[in-house]
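Residues per chain are reported as follows:
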Amino acid sequence: MHEMSLCEGVLHIIEREAQTQGFGRVKTVWLEIGALAGVEPEAMRFCFDAVMRGSLADGAGLEIIAAPGVAWCLPCGKNVAVSQLYDVCPNCGSHQLQIVGGDQMRIKELEVE
Amino acid sequence: MCGVCGCGEGLNHSHEHEHDPQHGHAHEHRHAHAHSHSQHHHHHEHALGPEHAHAPGLTPARMVQIEQDILSANNRYADDNRRYFGERGMLALNLVSSPGSGKTMLLTETILRLKDELNIAVIEGDQQTARDADRIRATGVPAVQINTGKGCHLDAHRVGHALESLNLPEKSLLFIENVGNLVCPSAFDLGEAHKVVILSVTEGEDKPIKYPDMFHAADLMILNKTDLLPYLDFDVEQCIRYAKQVNPKIRVLQLSAKTGEGMDNWLKWLRAELDLQGIGYA
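Residues numbered from 1 in each chain as written. Chains lettered and ligands numbered in written order. Predicted model: local features only at pLDDT ≥ 70, side-chain atom pairs only at ≥ 80, totals over all residues. Heavy atoms only, no water.

Undergrad: Outline the overall build of chain A, supporting the account with residue identities and numerical values.
TA: Check the secondary structure of chain A and you find two helices and six strands. Relative to its length of 113 residues, chain A is extended, with a C-alpha radius of gyration of 17 Å against a globular reference of 13 Å. Taking the principal axes of its C-alpha atoms as reference, chain A extends roughly 50 × 25 × 15 Å. Counting over 113 residues, chain A shows a buried share of 50%. Within chain A, contacts between residues at least 6 apart in sequence are counted, and of these 70% link residues at least 24 apart. Surface accessibility of chain A: about 5000 Å² in total, with carbon and sulfur atoms responsible for 50%. In chain A, 8 positive and 15 negative side-chain charges are present, and the distance between their average locations comes to 4 Å. (Helix = DSSP H or I, 4+ residues; strand = E, 2+ residues; numbered from the N terminus. Rg over C-alpha atoms; globule rule 2.2 N^0.38 Å. Buried < 20%, exposed > 50% of the residue type's maximum accessible area, 1.4 Å probe, protein only. Contact = heavy atoms within 4.5 Å. Areas by Shrake-Rupley, 256 points an atom, 1.4 Å probe, with all protein chains shown as cover. Lys, Arg positive; Asp, Glu negative; His and termini not counted. Charge placed at Lys NZ, Arg CZ, Asp CG, Glu CD.)

This is how it looks when you write it as structure tokens:
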């Protein structure tokens, strides 16, 4: 359940931003989670509520923006869509795929007051 | 946040080489070059609708763009660790596996074969107990135990603290034995040169595609307990095909830490990788 650590990372960033950007309460958090990031959105929601409790983001809403998996296929020489790390290229069947998108987990935006 | 030294939120910690009593906030410097505020901290207020109208006594809601990787704090500590290893020509390996793969026996057998030739140390990550660290210390090399409690992986911050207490000589070989877990440790960079995933033949050949993140993150897979193959329906070739499906660049070594079969290739790999760390890259 590394989603717990990830939520603690989110809270660290929020607390630091609250000081530099001057806000006292967070109402909504937007996270961008890639399909290949190894993060289970439902586990993330569960941990988010638990970790934010008692903080400046207590009760905040969590919006998860899903980002699709994208890989560079060496034989095809172009980007292709993948949904798993073990997917083959949908065009040529090769495993020579370099993940170029969908492994990110980022805080995008906050609604604060 | 930090369970090791109580250093606040984990973001105001700096490693020993950065401590400077003249500067109360050594981390300010690190933040300054880790990400520029002008680049990442856009701060704009959206046009406020009627529900957000600024009324006396009420704070208006506003949007703040952050655009930061959730693992950014861990990754900064990992960079510190990587610099530490680089400056000392050390080889640090992050050993990952499910519980019971034979990681600790592989380590003790490796240490017994190399300890007269190389400086070796171990950082042991476990949720509870110091059983594994005790087994390592019995071989005569230093081991630091990190109990993660309910945590399912080691993070770069705690590894940095363990490095301070080990204070290793240059060109050491450092094994970081992660918590037995094929999922969570894959996401956390510790500053290591390689993740080495250990899979035992009793676990089934489909582990690489059941837990692809870990096999994708590792550079070397060790297939352990090969002495048991005659008693099992484990398809070695299929297992290697699955691993390469997830990570075409992964290298595979087959061995039995118990009988010693195949250990020589692993020792050769370790010596070669340690040599590579000592080249002195720019």
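Here the narrative resumes.
Undergrad: For the nonpolar core, give the residues involved together with the corresponding values.
TA: In this structure, Phe23(A), Val26(A), Val29(A), Leu31(A), Ile107(A), Leu110(A) and Ile70(B) are the most contacted members of the largest nonpolar core, which totals 33 residues. Mapped onto this core, the elements with two or more residues apiece are α1 (3-21), β1 (26-34), α2 (41-52) and β6 (105-112) of chain A together with β1 (62-69) of chain B. Top contributing element to this core by residue count: α1(A), with seven residues. In contact with Ile107(A), other than residues within four places in its own chain, are Val10(A), Ile13(A), Val29(A), Trp30(A), Leu31(A), Ile66(B), Glu67(B), Gln68(B) and Ile70(B). In this structure, Leu93(B), Val122(B), Ile198(B) and Trp266(B) belong to the second largest nonpolar core, which totals 29 residues. (Core = buried A, V, L, I, M, F, W, Y, C linked by side-chain atoms within 4.5 Å.)

Undergrad: Outline helix α3 (residues 72-88) of chain B, supporting the account with residue identities and numerical values.
TA: Residue and element names in this part refer to chain B. With 17 residues, α3 extends 25 Å from end C-alpha to end C-alpha; this agrees with the ideal 24 Å at 1.5 Å per step. Within α3, burial applies to Ser72, Ala73, Asn74, Arg76, Tyr77, Ala78, Asp80, Asn81, Tyr84 and Phe85. In the segment just after α3, Gly89 is the residue with positive phi, at about 60°. (Expected span 1.5 Å × (residues − 1).)

Undergrad: Before we move on, could you go through the sheet that holds β1(B) and cite the residues and values that matter?
TA: Backbone hydrogen bonds hold the strands of a sheet together, and the pairing may be parallel or antiparallel. Pairing is mixed across the open sheet formed by four strands, whose spatial order is β2(A)-β1(A)-β6(A)-β1(B). Pairing within the sheet leaves two strands with one partner each, and these edge strands are β2 (61-67) of chain A together with β1 of chain B. Strand after strand, the sheet turns through a mean of 20° between neighbouring axes, direction not considered. Where β6(A) and β1(B) come together, six bridges link them in antiparallel fashion. Bridging from a neighbouring strand, Glu109(A) pairs with Gln65(B) of β1(B). On the sheet, α1(A) packs against β1 and β6 of chain A together with β1 of chain B and is oriented at approximately 130° with respect to β1(B). On the sheet, α2(A) packs against β1 and β2 of chain A and is oriented at approximately 155° with respect to β2(A). (Pairing = 2+ DSSP bridges. Axes fitted to C-alpha atoms, helices over the stretch in contact; angles between N-to-C directions.)

Undergrad: If you had to explain the interface of chain A and chain B to someone new, which residues and values would you point to?
TA: Each partner contributes residues to the interface: chain A has 37 residues there, and chain B has 40 residues. With both chains or domains summed, chain A and chain B bury close to 3500 Å², and 58% of this area falls on carbon and sulfur atoms. Per-residue buried area on chain A facing chain B is highest for Arg16(A), Gln21(A) and Leu85(A); these three make up 19% of the total on that side. Where chain A packs against chain B, one counts two salt bridges. A salt bridge links Lys108(A) to Glu67(B); the nearest nitrogen and oxygen atoms lie 2.9 Å apart. Run the count over chain A and chain B and you get 14 residue pairs in polar contact (both at pLDDT 80 or more). Every element with two or more residues in the side of chain A that touches chain B is listed here: α1, β1, β5 (97-101) and β6 of chain A. Looking at the side of chain A that touches chain B element by element, the count peaks at 11 residues for α1(A). Of the residues in the side of chain A that touches chain B, the class split is 17 nonpolar, 10 polar and 10 charged. (Buried area = accessible area lost by both parts, 1.4 Å probe. Salt bridge = Lys/Arg side-chain N within 4 Å of Asp/Glu carboxyl O. Polar contact = N/O pair within 3.5 Å; in protein donor to acceptor, adjacent residues only side chain to side chain. Nonpolar A, V, L, I, M, F, W, Y, C, P; charged D, E, K, R; others polar.)

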